[in-house]
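One letter stands for each residue in the lines below.
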Amino acid sequence: MLFAPCCHQCGEFIIGRVIKAMNNSWHPDCFCCDICQAVLADVGFVKNAGRHLCRPCHNREKARGLGKYICQKCHAIIEEQPLIFKNDPYHPDHFNCSNCGKELTAEARELKGELFCLPCHDKMGVPICGACRRPIEGRVVNAMGKQWHVEHFVCAKCEKPFLGHRHYERKGLAYCETHYNQLFGDVCYHCNRVIEGDVVSALNKAWCVTCFSCSTCNTKLTLKDKFVEIDLRPVCKHCYEHMPEELKRRLARRERDAKERKKKPAVCL
C-alpha cells in the first residue's frame with residue numbers, strides 16, 4: 001500500500017513485474033495496443049498521437065494517413081506499387097513466380113490461386129480484363145478491341161453491366177442505350193424527346209419516325225413523299241394543293257426572297 005505502484009489501466013496494485021511506459025505503470029497484461037488490444041509487454045510499442053500501438057497497427061495508421069498500403073506479410077508500409085494477391089496487398093518481392101521461380105514485381109498475375117511473372121502468364125494465353133487488368137478465368141466479353149469480365153464491362157455513365165445487352169461506343173467508352181441517347185442523341189423537333197431508333201433528317205431538323213407528319217392533316221410522311229415547309233413544319237402535297245392561291249403565292253415569294261438573300265455577298269462595313 002505504501003510503495004507498490006497502481007496500474008494505469010485497472011487501478012489495482014501491481015505486485016511483481018511492472019511495465020513503465022507513457023509516464024505510467026502497468027500490469028504486463030494490462031499494457032495493450034489501443035486499437036487491437038494485443039499485449040505489448042514483450043513486443044514493444046510505438047507512440048502514435050498519444051496512443052500506445054503495436055507496430056502493425058502503427059503502420060496501418062501511418063499508411064492510412066499517407067494513402068498507402070500495408071503489406072499483409074511483413075506489416076510494413078508498401079512504398080512502391082503493391083502486388084495484389086487474393087485481394088490483399090503485399091510487397092512484390094515476398095513472392096516468386098510459380099513457373100520459373102523468378103522474384104515477382106507488381107506486374108505479376110494471379111491464376112487459379114498461384115502467382116506468375118508477366119512473361120510466364122502471357123505464355124498461358126489467359127485473357128486479361130480491360131478494366132481490372134486481372135486474368136479472366138470464366139466467361140469473357142469481347143468488345144471495343146479488348147476482353148472483359150462480364151461484371152466489369154459497364155456503362156461509362158451509370159456503371160451498370162451490359163450483361164449481353166446492346167452497347168454504344170463513343171471516344172473509347174461504352175454506354176447503354178438510355179445514357180448514350182441522353183448524352184449524344186438527337187432531340188425530336190416535334191416531341192422534344194431524345195430519338196430512340198431511326199432519325200428522320202428534314203428541314204434542317206431531326207424527327208422521330210412517328211413524329212414526322214403533315215402539320216395540317218397529320219398524315220405520316222417519309223423522305224420519299226413530296227412536302228413543303230410552312231412555318232418551319234412539313235405540309236404534304238395534298239394539303240398544299242388545297243390552300244388558297246394567295247397563300248401559295250405568298251409562300252413562293254417568301255422562298256424566292258430567301259434564296260436571293262443567300263446569293264447576295266456579305267458586305268463588310
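Residues numbered from 1 in each chain as written. Predicted model: local features only at pLDDT ≥ 70, side-chain atom pairs only at ≥ 80, totals over all residues. Heavy atoms only, no water.

**What about the overall build of the chain?**
Okay, so step 1: What the chain contains, in helices and strands, is five helices and 18 strands.
Okay, so step 2: In terms of overall dimensions, the chain is more spread out than a globule: its C-alpha atoms have a radius of gyration of 37 Å, far above the 18 Å expected for 269 residues.
Okay, so step 3: On the principal axes, the C-alpha backbone points of the chain span a range of 120 × 55 × 45 Å.
Okay, so step 4: Buried residues in the chain amount to 33% of all 269 residues.
Okay, so step 5: Here the chain has roughly 18500 Å² of accessible surface; of this, 49% comes from carbon and sulfur atoms.
Okay, so step 6: With 42 positive and 31 negative side-chain charges, the chain shows a separation of 7 Å between the mean positions of the two kinds. (Helix = DSSP H or I, 4+ residues; strand = E, 2+ residues; numbered from the N terminus. Rg over C-alpha atoms; globule rule 2.2 N^0.38 Å. Buried < 20%, exposed > 50% of the residue type's maximum accessible area, 1.4 Å probe, protein only. Areas by Shrake-Rupley, 256 points an atom, 1.4 Å probe, with all protein chains shown as cover. Lys, Arg positive; Asp, Glu negative; His and termini not counted. Charge placed at Lys NZ, Arg CZ, Asp CG, Glu CD.)

**A look at the environment of M22**
Okay, so step 1: Note that M22 resides in the loop between β1 (19-21) and β2 (24-26).
Okay, so step 2: Counting along the chain gives 47 residues from M22 to Y69, while the straight-line C-alpha distance between them is 28 Å.
Okay, so step 3: Not counting chain neighbours up to four residues away, the residues in contact with M22 comprise F45, K47, G50, R51 and H52. (Contact = heavy atoms within 4.5 Å.)

**As for the nonpolar core**
Okay, so step 1: Grouped together as the largest cluster of nonpolar side chains are 15 residues, with contacts concentrated most on F95, C97, L104 and L115.
Okay, so step 2: Those elements that provide at least two residues to this core are β7 (83-85) and β10 (114-116).
Okay, so step 3: Those residues in contact with C97, other than ones at most four positions away along the chain, are K102, L104, L115, F116, C117 and C120. (Core = buried A, V, L, I, M, F, W, Y, C linked by side-chain atoms within 4.5 Å.)

**A short note on the pattern of salt bridges**
Okay, so step 1: Scanning the model with the defined rule gives four salt bridges in all.
Okay, so step 2: A salt bridge links R51 to E61, with the shortest nitrogen-to-oxygen separation between them at 3.2 Å. Residue R51 is located in strand β4 (residues 51-53), and its partner E61 is located in helix α1 (residues 55-66); the two are separated by ten residues in the primary sequence.
Okay, so step 3: When its relative accessible area of 26% is taken as the criterion, R51 is described as partly exposed.
Okay, so step 4: Relative accessible area serves as the criterion here: at 24%, E61 is assigned to the partly exposed category.
Okay, so step 5: Residues E79 and K68 are paired through a salt bridge, measuring 2.4 Å at the closest nitrogen-oxygen approach. Of this pair, E79 sits in the loop between β6 (77-78) and β7 while K68 sits in the loop between α1 and β5 (69-70), placing them eleven residues apart in sequence.
Okay, so step 6: Here E79 falls in the exposed class, since its relative accessible area comes to 52%. (Salt bridge = Lys/Arg side-chain N within 4 Å of Asp/Glu carboxyl O.)

**Brief notes about the domain arrangement of the chain**
A common way to report how large an interface is uses the accessible area buried once the components associate.
Okay, so step 1: Its domain assignment divides the chain into domain 1 (19-66), domain 2 (70-125), domain 3 (140-183) and domain 4 (185-260).
Okay, so step 2: The C-alpha-based centres of domain 2 and domain 4 are spaced at 65 Å. (Domains from an automatic or database assignment.)

**Some thoughts on the UniProt feature "domain: LIM zinc-binding" (unreviewed entry) in the chain**
Okay, so step 1: With numbering aligned to this structure, UniProt lists the feature "domain: LIM zinc-binding" (unreviewed entry) at residues 5-64, 127-186 and 187-246.
Okay, so step 2: Each end of residues 5-64 is marked by a C-alpha atom, and these two atoms are 37 Å apart; helix forms 17% of the span and strand 20%.
Okay, so step 3: In residues 187-246, the share of helix is 12% and the share of strand is 27%. The end C-alpha atoms are 35 Å apart. (UniProt positions renumbered as here; feature names shortened; annotations may be inferred.)

**Regarding the pairing of strand β18 (residues 233-236)**
Okay, so step 1: Inspection of the sheet shows strand β17 (residues 227-230) paired to β18 by four bridges, in the antiparallel sense. Bridge pairing in β18 places V228 opposite V235.
Okay, so step 2: A loop of two residues connects β17 with β18, the two strands running antiparallel in sequence, and D231 in this loop sits at a positive phi of about 55°. (Pairing = 2+ DSSP bridges.)

**Quick word on the pairing of strand β15 (residues 199-202)**
Okay, so step 1: Burial along β15 is one-sided: the residues V200 and A202 are buried and none of V199 and S201 is.
Okay, so step 2: With four bridges joining them, β15 and strand β16 (residues 205-208) adopt antiparallel strand pairing. Bridge pairing links S201 to A206 in β16.
Okay, so step 3: With antiparallel pairing between neighbouring strands as the criterion, β15 and β16 make up a hairpin whose turn holds two residues, including L203 at a positive phi of roughly 55°.

**Some thoughts on α1**
Okay, so step 1: Relative to the 16 Å expected for twelve residues at 1.5 Å per residue, α1 spans 16 Å between its end C-alpha atoms, a close match to the ideal helical length.
Okay, so step 2: Listed as buried for α1 are C57, H58, N59 and A63.
Okay, so step 3: Elements that come into contact with the buried residues of α1 comprise β3 (46-48), β4, β5 and β6.
Okay, so step 4: Within two residues after α1, G67 carries a phi angle of roughly 70°, on the positive side. (Expected span 1.5 Å × (residues − 1).)

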